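Descriptive structure summary
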Amino acid sequence: MSSHLTEAVVQSGLLPHEGKLTVALSGGADSVALLLLLVELQPQFGYDLQAVHIHHGIRGEEADRDAAFCEALCQKRQIPFRCRYVDVPAFAAAQKLSTETAARILRYEALQQLAPAGLIATAHHADDEAETMLFYLLRGCGLNGLCGIPPKRGRIIRPLLGVSKAALLAYLQRQGQDFVTDSSNLTEDATRNHLRHRILPMLREYQPALVTHLTHTAQTLREDETYLTGQAKQVFAQSFHTQWGGLQYMAEQPKPLRIRCYRMLLARYRIDPSYTLLCAIDRLVRENMGKITVSGDVYAQVHRGMLFVMRDTKPLCDVLPLTLGENRQFAERICFASLENVTLSPKIHKSFTQYALDYDKITGKPCFRLRQRDDRITLPGRKQSEALRKTVQAKVPLPLRQSIYALYDDTGCIFCEGVGVAADVAPRTTSKRLLLLQCTAANPTEIQ
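Residues numbered from 1 in each chain as written. Predicted model: local features only at pLDDT ≥ 70, side-chain atom pairs only at ≥ 80, totals over all residues. Heavy atoms only, no water.

1. Let's talk about the overall build of the protein chain
Keep this limit in mind: Here a strand is any run of E in DSSP of at least two residues, a helix any run of H or I of at least four, and the numbering for each starts at the N terminus. Each radius of gyration is computed over the set of C-alpha atoms, and the globule rule expresses the reference value as 2.2 Å times the number of residues to the power 0.38. Any residue under 20% of the maximum accessible area for its type is buried, any over 50% is exposed, and the rest in between are partly exposed; the area is computed with a 1.4 Å probe on protein chains only. Residues are treated as being in contact if the distance between any of their heavy atoms lies within 4.5 Å. Reported accessibility uses the Shrake-Rupley method at a 1.4 Å probe radius. Residues are deemed covered only where the shown protein chains occlude them. Counting rule applied: Lys, Arg positive; Asp, Glu negative; His and chain ends not counted. A charge is said to be at NZ when it belongs to Lys, at CZ for Arg, at CG for Asp and at CD for Glu.
The secondary structure content of the protein chain amounts to 13 helices and 21 strands. Since a compact globule built from 448 residues should have a radius of gyration of about 22 Å, the 29 Å found for the protein chain marks it as more spread out than a globular shape. In the protein chain, which comprises 448 residues, the proportion classed as buried is 47%. Sequence separation of at least 24 residues holds for 69% of the intrachain contacts in the protein chain that already meet a minimum separation of 6. Summed over its atoms, the accessible surface of the protein chain is roughly 23000 Å², and 51% of this surface lies on carbon and sulfur atoms. Positive and negative charge centroids in the protein chain, built from 54 and 45 side chains respectively, lie 8 Å apart.

Next comes the structure, spelled out in structure tokens:
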């Protein structure tokens, strides 16, 4: 057993003691070395090992050669093997992505599909981490970019981050194990390849222990980032307005926590913001006003001390029938309606996001629809009706005025989110059935 390398893999603390472990096998030196090391450690840990190869649909016969090599290697070692073909060029063209980005997206999607259970090990090593840190440093980044490659993200583990490329090549030579070479990695067309073949070697001439130093730096920065992210999650939970879906009290927080909260708010749209964009959003918060475009039709806006990130689109449907026991979604708002036979409680009407209507006072079939300019509503305690738009302007944050719920029956508007319930359907002590409406911002993970 190769004690030095296997010990480094064990010390990573990432290997499971049971269950499925899948190796992302490209056929290159790194992934082949990882596969052999995991074979050596399998008796000690007892995991069920398999290998998966992703054919990217590029490099023609060379890619076919790689797939055949991986299959033959696994057959020789009696390792279960699966291969998946993905069309990177077509996906890159359709999504307007670089070939490298498209390949990465499709590769990880295929890995998740071919290995639906257990952990997935990739062969990223210490040199890859150093390269990643330099790449983000040159691009301009925050602390997160300088943390290098995360050892574990979801089901993906990277047990070789403490091992150098040179050590992996030496290990394969001792094992007498060959591997394939991706010719695209030998060119200097991509920024990463340029860093790998020219910049890193030059830096090593100045500091031979460069990779080791950068690996230790990344570990220290990851610990700091983990702590700050944990603090930011607490701030986000306290500041996220459940009903309106914005962040409040941000200006009171330290900038490192504010910036991380903005990232969390943007994550719902799968936006990876630059530091420049995060600072632009932070300027809105500090000035307590303004609106900027974030990406495409997504914008950030501050209104009444609350930061909103929203898509500049209107609801797809003008009319939505009221359906009991189901969520109804207007743009980025969700409303859940339920019917209860209850005795009127004075607490019901005070709830911030829940509204109660006397169901038996509703005329005809109620439905949600977009507000019209001339709509009016008569609120409890008021002698006359008032223009709904004026009431909305007074009580509802500007970015949400086109997406809030308004419920109508045959008589007109009987409820508007943020405004309240019409007097004719307001609960009374004699009410027998209450229509309860729970209105909230859509969960960030549900907005795509």
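2. What to know about the side chain of Thr215
Tracing the backbone shows Thr215 in helix α10 (residues 210-239). Look past the residues within four positions of Thr215 in its chain and what remains in contact with it is Ala126, Glu129 and Leu161.

3. Overview of the packing of aromatic side chains
Condition: Stacked, tilted and edge-to-face pairs are distinguished by plane angle, under 30 degrees for stacked and over 60 for edge-to-face with tilted covering the rest, among Phe, Tyr and Trp rings (Trp via its six-membered ring) whose centres lie within 6.5 Å.
In this structure the tally under the stated criterion is 4 aromatic pairs. Ring centres 6.1 Å apart and planes at 25 degrees place the aromatic pair Phe45 and Tyr47 in the stacked group. The exposure class assigned to Phe45 is buried, which follows from its relative accessible area of 7%. Geometrically, the ring pair formed by Phe135 and Tyr136 is edge-to-face, given 5.4 Å between the ring centres and 85 degrees between the ring planes. On the basis of relative accessible area, Tyr136 is assigned to the partly exposed category, the value being 25%.

4. Looking at the pattern of salt bridges
This is how the line gets drawn: Any carboxyl oxygen of Asp or Glu within 4 Å of a side-chain nitrogen of Lys or Arg constitutes a salt bridge here.
Scanning the entire structure with this criterion turns up 14 salt bridges. Here Asp127 ties to Arg204 by a salt bridge, and the two come within 2.4 Å at their closest N and O atoms. A residue pair is termed long-range when its members are at least 10 positions apart, and Asp127 in helix α6 (residues 126-139) and Arg204 in helix α9 (residues 191-206) qualify at 77 residues. The exposure class of Asp127 is buried, given its relative accessible area of 12%.

5. A closer look at helix α13 (residues 388-395)
We count it as follows: The arc refers to the directions leading from the helix axis to the C-beta atoms.
Turning to α13, its buried residues number three or more, namely Leu388, Thr391 and Val392. Looking straight down α13, one finds that the buried residues subtend no more than 100 degrees of arc, so they occupy a single side. Structural note: α13 exposes Lys390 and Ala394 on the side pointing more than 90 degrees away from its buried face. Where α13 is buried, its residues meet β16 (376-377), β17 (386-387), β18 (406-409) and β19 (412-416).

6. Observations concerning the sheet that holds strand β3 (residues 81-85)
Heads up, the rule is: Strands qualify as paired when DSSP identifies two bridges or more between them. A fitted line through C-alpha atoms serves as each axis, taken over the contacting stretch for helices, and the angle formed by two N-to-C directions is quoted from 0 to 180°.
Taken in spatial order, the 6 strands line up as β3-β2-β1-β4-β6-β5 in an open sheet, and their pairing is mixed. Strands with a single pairing partner mark the edges of an open sheet, and in this sheet they are β3 and β5 (152-153). In terms of strand pairing, strand β1 (residues 20-24) meets strand β4 (residues 119-121) through 3 bridges, oriented parallel. Bridging across to β4, Val23 finds its partner in Ala121. Strand contacts of helix α3 (residues 60-77): β2 (48-55) and β3, with the helix running at about 170 degrees to β2, the strand carrying the most contacts.

7. Considering α3
Inclusion rule: Any helix carries an expected span of 1.5 Å times its number of residues minus one.
Over its 18 residues, α3 extends 27 Å from the first C-alpha to the last, a length consistent with the 26 Å expected when each residue adds 1.5 Å. Listing the buried residues of α3 in full gives Glu62, Ala63, Asp66, Ala67, Phe69, Cys70, Leu73 and Cys74. In a view along the axis of α3, the buried residues occupy a sector of 155 degrees, so they form one face of it. With respect to the buried face of α3, the exposed residues turned more than 90 degrees away are Glu61, Gln75 and Lys76. Among the structural elements, α2 (29-45), β2 and β3 are those in contact with the buried residues of α3. Downstream of α3 by one or two residues, Gln78 has phi in the positive range, about 60 degrees.

8. Some words on the packing of α6 against α10
Counted only if it meets this: Note on terminology: angles under 35 degrees are roughly parallel, angles over 145 are roughly antiparallel, angles of 65 to 115 are roughly perpendicular, and the others are oblique. By the definition used in this description, the sense in which the near helix is turned from the far one sets the handedness, with an anticlockwise turn below a right angle giving left-handed and a clockwise turn giving right-handed. By the convention adopted, Pro, Cys, Tyr, Trp, Phe, Met, Ile, Leu, Val and Ala count as nonpolar, Lys, Arg, Asp and Glu as charged, and the other residues, Gly among them, as polar.
Following both chains from N to C, one finds α6 and α10 inclined at 70 degrees, their axes separated by 9 Å at the closest point. Between α6 and α10, the interaxial angle falls into the category roughly perpendicular. Considering how the two elements wind past one another, α6 and α10 form a crossing that is left-handed. Residues Ala126, Asp127, Glu129, Ala130 and Met133 of α6 touch α10, and the partners they reach there are Val211, Leu214, Thr215, Thr217, Ala218 and Arg222. Its residues assigned to classes, the contact of α6 with α10 shows 6 nonpolar, 2 polar and 3 charged.

9. Considerations on the pairing of strand β8 (residues 291-295)
Here β8 runs beside strand β9 (residues 298-303); their pairing, made up of 4 bridges, is antiparallel. Considered in β9, the bridge of Lys291 is made with Gln301. Hairpin connection of β8 to β9: 2 residues between the antiparallel strands, including Gly296 at a positive phi of 60 degrees.

10. With respect to the sheet that holds strand β15 (residues 367-369)
Pairing is antiparallel across the open sheet formed by 5 strands, whose spatial order is β11-β15-β18-β19-β20. If you trace the sheet from one side to the other, it starts and ends with β11 (319-321) and β20 (420-421), each paired once. In this structure, β18 lies alongside β19, joined through 4 bridges in antiparallel fashion. Within β19, the position partnered with Asp409 by the bridge is Gly412.

11. A word on the environment of Ala232
In this fold, Ala232 is placed in helix α10. Judged by relative accessible area, Ala232 falls into the buried class, the value being 0%. Residues Ala232 and Arg260, spaced 28 residues apart in sequence, show a C-alpha to C-alpha distance of 6.1 Å. Those residues in contact with Ala232 that sit more than four places away from it in its chain are Leu257, Arg260, Cys261 and Met264.

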